[in-house]
Amino acid sequence: MAADDSGSALARRGDNGGFGSLSRLKRGWTRQKPDEQDDDAARALRFITCVEELGSGWFWETDREGRLTYLSQGVMQQLSESGRSLLGESLCDVFVVGGDDVSAERTLRFHIVGRTSFSDYHVSTDSSGDRLWSISGRPLFDEVGQFRGFVGTGSDLTAKRRTEAEVARLAMFDSLTGLANRAKMQLSLDQLLARRQGRWQPLALMLLDLDRFKAVNDTLGHQTGDMLLKLVAQRLQRTVGDGALIGRRGGDEFEVVIIGECRRDALGDIAHGIVAALSQPYHIAGSSISIGCSIGISIAPDDGDTSETLVRNADLALYSAKGNGRGTHRFYVPELLALAQMRRQMEDDLRQALGDGQLHLVYQPVVGTVSGAITGYEALARWEHPRLGAISPAEFIPVAEDSGLIEPIGEWVLRTATLAAAQWPVPVRIAVNVSPIQFARPTLPLLVTSALAQSGLDPARLELEITESVFLGGSAATEATFRNLKALGVRLALDDFGTGYSSLGYLKTAPFDKIKIDQSFVRGIGQESTRNAAIVKAIVTLADAMDLETTAEGVEAQDEIELIRALGCTHIQGFVYGRPMSDAQVLIQLSGTQLAAPVGVKVSRPVRTRMLRSIWLQLDGRRIAARLRDVSAAGAMIDSFEPLTLQSDTRVAIEFVEGEPLGGVIRWVRGGRAGIGLDQLFDFREIKSPVRQQAAA
Ligand code: C2E
Ligand code: MG
Ligand code: MG
């Protein structure tokens, strides 16, 4: 140890070299001129002085009785702040072995009395133990083996300890908000759960995710984003109070552990309070910022008795909360795990599907309202699952978006559609849907360029359909992508207009050529109760003012065509002019007159809407996770990834909204799907489709 290294030259010399002890060496130095000293001594002294002056260590020496005869200047000054002169005092009185030192098997006095070496003893100089030192020493014998005292070194441990404590603190706390970090929260949760054993202590875990935080960060900058996170942390602390642990998991995710509460209604109230508090506007640097918050909750021990299981289950509940329109909370239920597994399965299958050619495209005609001629087709993806049959893009596109598969799928769609359209006998347009995730990639214009070059398609014939959710990011990158795409000469259409969450502000700058009015405003347009005609009229007026075309989507009945024409829409797309068809059928259709003949039902009937969302089915006292595919006021069509063992004429209840069952009867069952007639008419417009909302996220 240091005692041996720095003291060796001195100790080796014994007393008869003229500087057998440290104090004499130092005293001698002041009397002698440098050139009078021998090299060894001069070098040793230089080292000592250097170490002392740099403050990296200090030296001490005692007489035979263990009384200090030398102490380096620096440490002497620090210690004698208390007014004590330390020379002559017993080393063992000046330094006491610190209570934290597990390495010290023997007391300092034991070594001094026993004349044995000691190394790296952690000692302090006062009872508070605030200042910590490490000292090492060895006995000093003269040439004839006579004990002369002790010589040794010391160093200050206080700063090192402080740094260690700071490192430990930083490892446990989030530096931005000061809240516990993920590791610390897990530790606390583990400890609480361990303590629970044998004694009942209710516990709930809430995982929080801020809605629209990314948009704030992207548009107002990271500094504002950081400030917002700090304010969120403060509001969270104020809202949940002291009976809870609060942590930040990273990014815009927070967590709260509620101790001593497991009643759902009470927890629901707390969650509600958090959502309400965090959703109030924030005022930062002159801007008023609004965000929201979604919460997933799991309760110990019902939903798990380890931190891993509780976190996983709260996370599943959070995912469900976000899928249910955000700004809300959800409790974990075991069916969520089954749903997540279904999703995982679908993701694996989809990966396989892309390689195995299970995907194909169909094309739906778009017809000019004035000419009645086909002006183009929209390419729509189809997945023929080997076991489950046809799976709708409304179902698999969100899974592809979540899993990153949307990029290869999107590229495949673009290349396939442009290659097909380039072969058509008439140069009508081809519309391709582009997911917001694809749109956020700066490489999209390159991909479009490549697809156009590969197919030889005239760029003016390609129309990219984008939903309003691309504006949620609102970043400069979005604007650049718009510019680059327009520079290629392709057309841009705003899909599902009216279902998004953005303001209309983006219409001022985004270079759209067309607005596609969402089906929900078009369906039942002839029925006064829907007010849809008024909404469509307003959208058409807006589009006309900006010189944009309009397509009415989802027109089914022939009696609606005239009305839509009268309202001024420039295009119609819907089953009324044919279902999406294969490329071969397009070739046949385009070889004919190209005037589209209405084929849909003559008169509009009670509205039936395609609405893909997770629902619960109650049957024989069980609750089964199922999916809604289609709904009207009088009935619904459902299916499930699990094989459904349903029988006609069985009574069931459907929970379109969790916890609100509606009675009905199974009318038919076919290939994993079932049609259910509801006991009472139901206004399904009140339930929103989570599929779109997830895509918009
Ligand atoms: P979308 O782009 O709004 O496409 C129109 C959807 O409405 C299509 O459903 C089409 O079959 C359906 N539809 C058209 N006319 C009628 C009608 O008269 N009545 C009814 N009830 N429905 C009609 P589909 O093919 O199931 O696609 C659903 C959504 O999935 C699309 O909505 C689009 O957002 C997405 N999608 C489809 N293919 C792709 C794709 O290749 N890439 C991406 N990113 N999304 C796609
Ligand atoms: Mg579309
Ligand atoms: Mg659409």
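Counting starts from 1 at the beginning of each chain's written sequence and moves along it residue by residue. To label them, take the chains in the order written and letter them from A, then take the ligands in the order written and number them from 1. This being a predicted model, a pLDDT of at least 70 is required before a residue's local features are given, and a value of 80 or more before pairs of side-chain atoms are given or counted; all residues contribute to the totals for chains, interfaces and linings. Hydrogens and water molecules were not included; the side-chain quantities draw on all heavy atoms of the structure.

J.: Would you mind showing me how to read the overall build of the protein here?
T.: Each helix is a run of H or I in the DSSP string that is no shorter than four residues. Each strand is a run of E no shorter than two, and both are numbered from the N terminus. Within the protein, the secondary structure is distributed over 24 helices and 28 strands. Burial classification: accessible surface area is computed with a 1.4 Å probe over protein chains only, and a residue below 20% of its type maximum counts as buried, one above 50% as exposed, and the rest as partly exposed. Going through the 697 residues of the protein one by one, you find that 49% of them count as buried. Of all intrachain contacts in the protein linking residues separated by at least 6 positions in sequence, the fraction that spans at least 24 positions is 61%. Accessible surface area values rest on a Shrake-Rupley calculation with a 1.4 Å probe, where residue burial reflects the displayed protein chains alone. Total accessible area on the protein stands at roughly 33200 Å², and carbon and sulfur atoms take up 52% of it. Whether two residues touch is decided by their heavy atoms; if any such pair falls within 4.5 Å, the residues are in contact.

J.: When you look at the packing of helix α13 (residues 334–356) against helix α14 (residues 393–403) in this model, what are you seeing that I'm missing?
T.: The description of two packed helices rests on the angle between their axes and on the distance between the axes. All axes are obtained by fitting lines to C-alpha atoms, using only the stretch in contact for helices, and the reported angles, taken between N-to-C directions, cover 0 to 180 degrees. Here α13 crosses α14 at 85°, and the two axes come no closer than 10 Å. What the angle tells us is that α13 and α14 run roughly perpendicular. Residues Arg343, Met346, Glu347, Leu350 and Arg351 of α13 form the contact with α14, whose participating residues are Glu395, Phe396, Pro398, Val399, Ala400, Asp402 and Ser403. Residue composition of the contact of α13 with α14, grouped by class: six nonpolar, one polar and five charged. Any angle from 65 to 115 degrees is called roughly perpendicular, while one under 35 is roughly parallel, one over 145 is roughly antiparallel, and all others are oblique. For this scheme, ten residues count as nonpolar: Ala, Val, Leu, Ile, Met, Phe, Trp, Tyr, Cys and Pro. Four count as charged, namely Asp, Glu, Lys and Arg, and the remainder, Gly too, count as polar.

J.: What's the story with the sheet that holds strand β2 (residues 68–71) in this structure? I'm lost.
T.: Through backbone hydrogen bonds, the strands of a sheet pair up, either in parallel or in antiparallel fashion. Read across the sheet, six strands follow the order β2-β1-β6-β5-β4-β3 without closing on themselves; strand pairing throughout is antiparallel. Pairing within the sheet leaves two strands with one partner each, and these edge strands are β2 and β3 (96–97). Two strands are counted as paired when DSSP detects at least two bridges linking them. One ladder, built from four bridges, connects strand β1 (residues 58–62) with strand β6 (residues 147–156); its direction is antiparallel. In the sheet register, Trp60 faces β6, and the bridge partner there is Gly152.

J.: Help me understand the pairing of strand β15 (residues 374–385) in this model?
T.: Residues in a regular strand project their side chains so that they alternate between the two faces of the sheet. Counting buried positions over the twelve residues of β15 gives nine, a clear majority of the element. Alignment of strand β14 (residues 359–368) against β15, held across nine bridges, turns out to be antiparallel. Counted as the bridge partner of Tyr363 is Ala379 from β15. Here β14 hands over to β15 after five residues, with Gly372 in that stretch at a positive phi of 75°.

J.: How do you make sense of the coordination of the magnesium ion (ligand 3) when you look at a structure like this?
T.: In an ideal octahedron of six donors the angles at the metal are 90 or 180 degrees, and in an ideal tetrahedron of four donors they are 109.5 degrees. Around the magnesium ion (ligand 3), the donor atoms from the protein are Asp495 (OD), Asp496 (OD), Glu553 (OE) and Glu553 (OE), and they sit 2.0 to 2.6 Å away. Listed donors are limited to N, O and S atoms within 2.8 Å of the metal, widened to 3.2 Å for Na, K and Ca; water is not among them, so incomplete-looking sites are possible. Each donor residue of the magnesium ion (ligand 3) belongs to the same chain, with the gaps between them written as D-D-x56-E. Between the two metals, the magnesium ion (ligand 3) and the magnesium ion (ligand 2), the spacing is 4.0 Å, and Asp495 donates to both. Look at Asp495 and you get buried, because its relative accessible area is 5%. The exposure class of Asp496 is buried, given its relative accessible area of 4%.

J.: Explain the coordination of the magnesium ion (ligand 2) here, please?
T.: The magnesium ion (ligand 2) binds to the protein through Glu378 (OE), Asn433 (OD1), Glu465 (OE) and Asp495 (OD); the donor distances cover 2.0 to 2.2 Å. Ordering the donors of the magnesium ion (ligand 2) by residue number gives the pattern E-x54-N-x31-E-x29-D. Taking relative accessible area as the criterion, Asn433 reaches 28% and is therefore assigned partly exposed.

J.: Whenever I open this one, the packing of aromatic side chains confuses me. Can you help?
T.: To describe a pair of aromatic rings, one takes the distance between the centres and the angle between the planes. For this analysis, a ring pair means two rings from Phe, Tyr or Trp (six-membered ring only for Trp) whose centres lie within 6.5 Å, classed as stacked if their planes differ by under 30 degrees, edge-to-face if by over 60, and tilted for the remaining angles. All told, the structure shown has twelve aromatic pairs when counted by the stated rule. Here Trp58 and Trp133 contribute two aromatic rings whose centre-to-centre distance is 5.6 Å and whose plane-to-plane angle is 80°, an arrangement assigned as edge-to-face. Within this pair, whereas Trp58 is found in strand β1, its partner Trp133 is found in strand β5 (residues 132–141), the two being separated by 75 residues in sequence. Note on accessibility: Trp58 and Trp133 belong to one class, buried. In textbook terms, an aromatic cluster arises when at least three aromatic residues are bridged by ring pairs, as seen for Trp60, Phe118, Tyr121, Phe141, Phe147 and Phe150. Counting as a charge over the ring demands two things of the Lys NZ or Arg CZ atom: a distance within 6 Å of the ring centre and an angle within 35 degrees of the ring normal. Over the face of the ring belonging to Phe575 we find Arg579, whose NZ or CZ atom lies 3.8 Å from the ring centre.

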